[in-house]
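Reading the structure
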Amino acid sequence: MELNLKDLNPEQQEAVKATEGPVLILAGAGSGKTKVLTYRIAHILEQKLAAPEEILAVTFTNKAAAEMKQRIAKLLGDSVTLPWMGTFHSICVKILKRDGHHVGLGANFSIYDPSDQQDTVKEAMERLKLSVKEINPRAVHGHISTAKNELVKPADYANFANGYFQEIVASVYPVYQEILRENNAVDFDDLLMYTAELLQNHAQVREKYQRLFKYIMVDEYQDTNNAQYVLVNLLAKEYRNICCVGDDDQSIYAFRGANIRNILNFNRDYPDAKVVKLEQNYRSTQKILDAAHAVVSKNKNRTAKKLWTQKAGGDAITVFTAENERQEAEWVVSRIQQLEKSGVDLEEVAILYRTNAQSRGLEEACVRFGLAYRIVGGVRFYERKEIKDILAYLRVLYNPADDASLKRIINVPKRAIGPKAVVDLQAKAKLSGLSMIKLLLSGEDVSESKAIEKFAILLRELNASVQRLNIVELIGHIVEQTGYFEMLRDGTAENEARIENIKELISVAAKYEEAGPVTGLSMFLDEVSLLEEEVQNVEGGAVTMMTIHAAKGLEFEHVFLVGMEEGLFPHSRVFTDPTELEEERRLAYVAITRAKHNLYMLHADSRLYFGSRQNNLVSRFVGDIPENLRSHEGGYTKAAEWEAVDSFDDWKSAAEDRAVDLSPGDKVKHNYFGVGTVLGIKDDMVKINFGSAYGTKELALEFAPLEKI
DNA sequence: GTGCATTCCTTTTTT
DNA sequence: AGGAATGCAC
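None of the values given here were measured: they were computed from a predicted structure.

A few words now on the protein's contact with DNA strand C. Around DNA strand C, the structure places K122, R360, L608 and G611. At 3.4 Å, a side-chain N or O of K122 approaches a phosphate oxygen of DNA strand C. Across the surface near DNA strand C, the residue classes tally to one nonpolar, one polar and two charged.

What follows is the structure, given as structure tokens:
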């Protein structure tokens, strides 16, 4: 098959043909980025510049990888062997399965999902006798995650720790890591950190992969974190054929460690880099692009650029002011039903929101009005209780060090094994130097508890079956033998749905049926832990609902952007930090540029939030859009005027004002530490005594959430 | 050891 | 408002 580059515009062709040396492709929203990447890979393969396994293509989501695979197959024919393609995390799993033993990782390691990770933090805190009530384990985990993304190891964290909270983290982090080790488990961040460590410290392994990957491509480079940055640049050292694609305006993952400077500094890292700018947009009308530009160009931290399109004109952006969130949802749904009547395909319609919590009201409205919908994200597949249970069973059988998974299912379904029996078993295991699972499997008389004995017999039987059953049979065997299905067969709709979910899991597992026993189990567990979302199949057309983050990379004819309110979007949590405000602005840019033809922005004068009513002002992002691009419905008055906090300089002077306000002896209230007394102020730091609970703290005036009382 | 009621805590975004 | 975690009665 002949690859036809005539399908591409001159810049796109340039990007495809520039195979050798470092290349940066600055690809604006809707500029055909995926097309360029797929053609580029196809081009390299077709020109026989490299074998498929010598190409590494990193994408941001599994979905993006799947789509790219499909499109390459379409270009070159189904028979083509595909390159290494996937997310950073999935590629790291692949590498660690092969070579992880160099960094002390057993081959059968478990991958803990976020809730397992949080449980592990809790356990670490319990071991340290830290109160889970006073210190939020989630926040602790957040800090550990950040550290790992910066490749800061447990032992080194203390050197960076600054302030009360980080000292706590410094004590928890090593214990957390130790527990993961005990269970032969890793968290998501470990996948990156261990792979980086592996490549940094083990020359043989490093050179193996450096020589293997002749061509490396990284999508969404603006959203890479430090660990990912180290990884790709290390891998690219041998051939230097590294091609990074991204758009600094679409960097929206700083909260999980993404560093926008990675893309901004590409030229510094590779002074000989070829830079290709894709600025022609094939997606949206000029009006939509103008609106998006009006919002994002207020950011200071960006490279100057402007998208253009041949689709001049277009409809104005409809802004609807609703009385409350219920009316907002109803307006969206009825407008979509009007569109449907006029022949619009529901697959071309999306409702986007800032937070997952907003989906509920919209979902209700869809049900009430009978509009077909699907939610992307929300409750993830692996977050469902029944799925977690089944996966825990599989992990126990796969990784006999994984006592955390054992604890999850040892009494599910109920088999009269309470917390006390578990603690006893744990103690015995510790004495014999085995994991609880291994002890149970050993067949020794481990407990006077009849219930435990019975469970041990069950476990041994399941363990034996791993060798002879393929993954589909194995799951079926587990749900029957353990009584899990029986527990769910009580006729309630809820449990019916659970059974359906497990069947769905089995159909996912069918992909690995042919790999045979053990291998299939291994492949299945590795992949399913990193699976980001459930794909809900809805018969016929349906509207798609999701967060703006989840919508990145997608496009729709009609986009409804709900909750355009100060406090929601931009979210109130970012008001204290101008860099985060810039990220919200980029998020708004991403949201607006999802629309091809029509964009609707909604806000409600009154909204139920946290159980209480709030009256939010219209989002500043609406106000940023020039009036001649908007058309209003409902009782719109005007957008919030928040310029004072929008600019870093002004905001700083506000902080300085506050500094002048405080003097020794003043009583202040801190969001976290409570009430305290100001002891003194030096430069931009303030020293406050918070009493016996937290002692004396030095806080940055600029950042501390302080209030004078 | 299990089941129920009450409290309390949450919500930013995700691999 | 809703879900998880805790505390209390069987």
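Another point: the sheet that holds strand β6 (residues 215-218). Spatially, β3-β2-β6-β7-β1-β8 is the arrangement adopted by the six strands of the open sheet, whose pairing is parallel. Of all the strands in the sheet, just β3 (84-87) and β8 (274-278) have a single pairing partner and so form its edges. For this sheet, the mean angle separating the axes of adjacent strands, direction not counted, is 15°. Of the strand pairs in this sheet, strand β1 (residues 23-27) and strand β7 (residues 242-246) are connected by four bridges, and their pairing is parallel. From the neighbouring strand, L26 faces β7, where its bridge partner is G246. Where helix α2 (residues 33-46) meets the sheet, its contacts fall on β1, β2 (55-59), β3, β6, β7 and β8, and the angle it forms with β6 comes to roughly 170°. Helix-sheet contacts for helix α4 (residues 88-99) involve β2, β3 and β6, and the interaxial angle to β3 is about 120°.

Moving on, we get to the protein's contact with DNA strand B. Not every one of the 27 residues close to DNA strand B is listed here, only the nearest: R138, R354, N356, H571 and R573. Within 4 Å of the protein, the contacting atoms of DNA strand B are 57% sugar and phosphate, with bases supplying the remainder. For the surface near DNA strand B, the class distribution of residues is eight nonpolar, nine polar and 10 charged.

Note that D247 resides in the loop between β7 and α12 (261-264). Despite its burial, D247 pairs with no opposite charge; the closest candidate is K305, at 4.1 Å N-O. Ignoring anything within four residues of it in the chain, the contact list for D247 reads A27, G28, A29, Q222, I263, K305 and Y589.

On to the pairing of β7, then. Within β7, five of the five residues are buried, leaving the element largely enclosed by the surrounding structure. A two-sided burial pattern is seen for β7, the buried positions comprising I242, C244 and G246 on one face and C243 and V245 on the other. Bridge count for β6 against β7 is three bridges, and the pairing is parallel. Residue pairing for β7: V218 is matched across the bridge by C244.

It is worth spelling out the pattern of salt bridges at this point. The tally for this structure, following the rule as stated, stands at 46 salt bridges. For E555, the salt bridge goes to K596, with nearest N and O atoms at 3.5 Å. Separated by 41 residues along the polypeptide, E555 in the loop between α26 (548-551) and β13 (556-561) and K596 in strand β14 (residues 595-609) bring together distant segments of the chain. Take E555: its relative accessible area is 36%, and that puts it in the partly exposed class. Overall, K596 belongs to the buried group, its relative accessible area being 15%.

Glancing now at the packing of helix α17 (residues 385-398) against helix α24 (residues 493-509). With their axes 9 Å apart at the nearest point, α17 and α24 run at an angle of 45° to one another. As summarised for this structure, α17 and α24 are arranged oblique, according to the angle between their axes. The element α17 and its partner α24 pack so that their crossing is right-handed. For the pair formed by α17 and α24, the contact residues are E386, I387 and I390 on the first element and R498, N501, I502 and L505 on the second. A breakdown of the residues in the contact of α17 with α24 according to their chemical character gives four nonpolar, one polar and two charged.

Moving on: α4. In this model, α4 (12 residues) spans 16 Å end to end at C-alpha, consistent with the 16 Å of a helix rising 1.5 Å per residue. Every buried residue of α4 is listed here: F88, H89, I91, C92, V93, I95, L96 and D99.

This next bit is on the packing of helix α15 (residues 325-341) against helix α16 (residues 359-369). In contact at an axis separation of 9 Å, α15 and α16 are set at 50° when each is read in the N-to-C sense. Taken together, the axis directions place α15 and α16 in an arrangement best described as oblique. Seen from above, α15 lies across α16 with right-handed handedness. Contacts between α15 and α16 involve R326, A329, E330, V333 and Q337 from the former and G361, L362, A365, C366, R368 and F369 from the latter. Of the residues that constitute the contact of α15 with α16, the class distribution is six nonpolar, two polar and three charged.

Rules used throughout
Residues numbered from 1 in each chain as written. Chains lettered and ligands numbered in written order. Predicted model: local features only at pLDDT ≥ 70, side-chain atom pairs only at ≥ 80, totals over all residues. Heavy atoms only, no water. Near = heavy atom within 4 Å. Polar contact = N/O pair within 3.5 Å; in protein donor to acceptor, adjacent residues only side chain to side chain. Nonpolar A, V, L, I, M, F, W, Y, C, P; charged D, E, K, R; others polar. Pairing = 2+ DSSP bridges. Helix = DSSP H or I, 4+ residues; strand = E, 2+ residues; numbered from the N terminus. Axes fitted to C-alpha atoms, helices over the stretch in contact; angles between N-to-C directions. Contact = heavy atoms within 4.5 Å. Buried < 20%, exposed > 50% of the residue type's maximum accessible area, 1.4 Å probe, protein only. Lys, Arg positive; Asp, Glu negative; His and termini not counted. Salt bridge = Lys/Arg side-chain N within 4 Å of Asp/Glu carboxyl O. Parallel < 35°, antiparallel > 145°, perpendicular 65-115°, else oblique. Left-handed = near helix turned anticlockwise from the far one by under 90°. Expected span 1.5 Å × (residues − 1).

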